Structures are given as structure tokens and as C-alpha cells.
Amino acid sequence: RLDRLFAPFEGTRDPLPLAIVRIAFFAGLFLHFAPSLLWLDIGYGHGAVRADAWNHWLFSHLWRIPPAALRARALVTLAACIAGIAGWRTRIAAIVAFAGCYAFASFNSIHLQTLALIPAWAILLLWMICGGGGETWSIDARLARGRPPARASRLPCGLILFQVLLAVFFSGVEKLLHGWPWTDEMGIILAYPRGFMVRDWVAALPILHGAAVSNALTWGTLAVELGAPILLLVRRTRIAALVVYELFFLGIIAMLEVPPLFYFIFASAPVLALDDAELASAAR
């Protein structure tokens, strides 16, 4: 029983799922930070309105950095995200990206703050400690041509997968504890005015504002958040749960104004649940 419990974190596996997550994760990080770091004067120039959300010491001291040095740090941070996407020295890319992204989010969170940053910090820390992700679809793999194909360690795969699935599952638990099903929260969200929280097409579509639809979306959200993380870990239900899970997060990004980083993290991680046999079957 202990062997089965720790199996997702031991040994090696097909490297493709971790490569997919690497590309999606660092691409989401790049898209989230690039606008702020390319137009530095808006959020980090002298006199810019700033908000303190992460590290107060950094918030209090980073304003002393000269503009040229700040620009260099921004470019290095974005370059680290690109290196992560390309799979070039992924552990070093994660270290540099974490240092840069965390510092800029602490310096001014107005244009960056989102709940998706919490799992982003956790995944970056895991990548810094565990490494991996560059065994295929990467510059590192191209440079290693002629050697036997590398296998990915199960440790980062399992840790990233469980970190994301636990976040989704306990999001459902929190909704239950706060009486979500009986307060028509989805009806409240869908009733927000155009340009706030919901996409314009959602605000303009009358069929989405009825009680029947909002109740169905409320209970459907709970069913996916509480059920999909568990069913993804069961081999018999994994594929069906993966399809439902992906459609759920596609629906969120299509209906609500959430940042791309949210989708790139939560939609990509479940591919790590697929084992070697399932990947081989899908490739045929």
C-alpha cells in the first residue's frame, strides 16, 4: 500500500507531459508579466501608484533601483521565462524567473495581482528544487542528440499535479463551507455589468441570466471541483475526467475575465495524470 501511495513520486516516466506543462506554465508567466515589464514607466516609474501585496521589504526598497538597472532586471526576467518555454537550463530559468517575477510583483502588484500567482510561486519553487522538464521538446534535448532519450523524474510531475489538484479540490470545499449552492453565486457573477468580471458576450446573452442556468452552473462547478481531482487519479475514469476538467476551465476562461496565467496553470497540469500506457495508446 505504501508503494502505491508513493508511486506517483518515485522512478521515471515519459517526459512529454512535463514538457507540455513546462511550455504552458512559462508561456503563461511570460504573458502575465510581459506587458508590465515592457512598459515599465506605467507601473514602476517614479511617481507611479503602487500597491503592496507580497514582500513588504521589497516594496519599500526596490524604488531606489535606477531605471536602467530596473530595465535590465525586467529583460532578464522575461528572458528566463523564454528560456523556460524553450527548455534551456530549466532549473536556472525557474530560479531567475522566480526571483524576477516575485520581486516585480512585490514592487507593484496593481497590474499583476491574481490568485493564480499563488500556485505559480509554488510551481516555480518545485522546479527550482526538482529540476526537469527539458528531456523533450526543448533546447536541452536537442543539444543532447545522440544520447538515449531521457526519462522524466516522477517527483516534479507528481508534486505539480497534486499541488494543482488539491487547489481545485479545496476550492470546491470552500464553496461548500460558504453555502455556495444555496446563495446562487453564479447568478450573482453572471449579473455583473459589462466590462466587470464577465466577458461582454456573457453580459449580452439573456439565456445565461435565468435561474435554471445559474443553478446548473453552480452545481456543475461544485461537481467538477470536488469530483474531477479524485477521478483523475483513478485509471478507469481518468480520460473522461480529463475531458470534463478541460472543458470546465475552457468555459471559465471563455466566460470570465481571468488572466491567461490561471488557464495555463490549471488546464495544463492534469496531463501529468496520464501514465505511459495511456500516452502510448493516444499516440497510436
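Structure report, in brief. In every chain, residue numbers begin from 1 and rise along the written sequence. Two thresholds apply to this predicted model, a pLDDT of at least 70 for residue-level local features and 80 or more for giving and counting side-chain atom pairs, whereas whole-chain, interface and lining totals are computed over all residues. Each side-chain value is worked out from all heavy atoms of the structure, with water and hydrogens disregarded.

**Details of the overall build of the chain**
Here a strand is any run of E in DSSP of at least two residues, a helix any run of H or I of at least four, and the numbering for each starts at the N terminus. Of regular secondary structure, the chain possesses 15 helices and 2 strands. Taken over C-alpha atoms, the radius of gyration is set against a globule rule of 2.2 Å times the number of residues to the power 0.38. Against the compact-globule benchmark of 19 Å for 284 residues, the chain has a radius of gyration of 21 Å, which places it among compact chains. Dimensions of the chain, computed from C-alpha atoms along their principal axes, come out at roughly 55 × 55 × 35 Å. Only protein chains enter the accessibility calculation, which uses a 1.4 Å probe. A residue is then buried if its area is under 20% of the maximum for its type, exposed if over 50%, and partly exposed in between. Residues counted as buried form 42% of the 284 residues belonging to the chain. Pairs of residues are marked as contacts when any of their non-hydrogen atoms sit within 4.5 Å. Restricting the contact set of the chain to residue pairs at least 6 apart, pairs at least 24 apart contribute 79%. Shrake-Rupley sampling with a 1.4 Å probe provides the accessible areas, and residues are treated as covered by the protein chains on show and by no other component. Accessible surface, the chain as shown: approximately 14,900 Å² in total, 69% of it carbon and sulfur.

**A few points about the packing of helix α2 (residues 16-38) against helix α7 (residues 117-130)**
Whenever a helix is involved, its axis is fitted only over the stretch in contact; in every case the axis is a line through C-alpha atoms, and angles between N-to-C directions fall within 0 to 180 degrees. Interaxial distance between α2 and α7 falls to 12 Å at its minimum, and their mutual angle equals 130°. Between α2 and α7, the angle is such that the two are oblique. The interaxial crossing formed by α2 with α7 has left-handed handedness. Together, Leu18, Val21, Arg22, Phe25, Phe26, Leu29, His32 and Phe33 of α2 and Leu117, Ala120, Trp121, Ile123, Leu124 and Trp127 of α7 make up the contact between the two elements. When the residues that make up the contact of α2 with α7 are grouped by side-chain class, the tally is 12 nonpolar, 1 polar and 1 charged. Should an angle fall under 35 degrees it is called roughly parallel, over 145 degrees roughly antiparallel, and 65 to 115 degrees roughly perpendicular, with every other angle called oblique. Crossing handedness: left-handed means the near helix sits turned counterclockwise from the far one by under a right angle, and right-handed means the same turn made clockwise. When residues are sorted by character, Ala, Val, Leu, Ile, Met, Phe, Trp, Tyr, Cys and Pro go into the nonpolar class, Asp, Glu, Lys and Arg into the charged class, and all the rest, Gly among them, into the polar class.

**A few points about the pattern of salt bridges**
Counted as salt bridges are all cases of a side-chain nitrogen of Lys or Arg within 4 Å of a carboxyl oxygen of Asp or Glu. Enumeration over the complete set of coordinates arrives at 6 salt bridges. Between Arg238 and Asp275 there is a salt bridge whose closest N-O contact spans 3.6 Å. One end of the pair, Arg238, is in helix α13 (residues 238-255); the other, Asp275, is in the loop between α14 (260-268) and α15 (276-283), with 37 residues separating them in the sequence. The class for Asp275 is partly exposed, based on a relative accessible area of 22%. A single salt-bridge network, built from bridges that share partners, covers Arg235, Arg238, Asp275 and Glu278.

**Overview of the side chain of Ser109**
Of note, Ser109 is situated in the loop between α6 (90-107) and α7. With a relative accessible area of 4%, Ser109 lands in the buried category. Once residues lying within four places of it in the same chain are set aside, the contact partners of Ser109 are Ala51, Asp52 and Ala53.

**Quick look at the side chain of Ser106**
Inspection of the secondary structure puts Ser106 in helix α6. Each residue touching Ser106, except ones within four places of it in the same chain, is listed here: Ala51, Trp54, Asn55, Leu58 and Phe59.

**Let's talk about unusual backbone geometry**
Positive phi, close to 50°, is recorded for Arg89, a residue that is not glycine. As for its placement among the helices and strands, Arg89 is situated in the loop between α5 (67-86) and α6. Positive phi is not limited to glycine here, since Trp137 has a value of about 50°. Mapped onto the fold, Trp137 is located in the loop between α7 and α8 (139-143).

**A look at helix α9 (residues 154-177)**
Helix span is expected to be 1.5 Å times the residue number reduced by one. The end-to-end C-alpha separation of α9 is 34 Å, in line with the 34 Å expected for 24 residues at 1.5 Å each. All of the buried residues along α9 are Pro156, Cys157, Gly158, Ile160, Leu161, Val164, Leu165, Val168, Gly172 and Lys175. For the purposes of these results, a polar contact is taken to be a pair of N or O atoms within 3.5 Å, where, inside protein, one atom must be able to donate a hydrogen and its partner to accept one; residues adjacent in sequence count only when each atom of the pair is a side-chain atom. For α9, the N-terminal cap is Ser153; the gap from its side-chain oxygen to the backbone nitrogen of Leu155 is 3.2 Å.

Any link to function would need more than the numbers given here.
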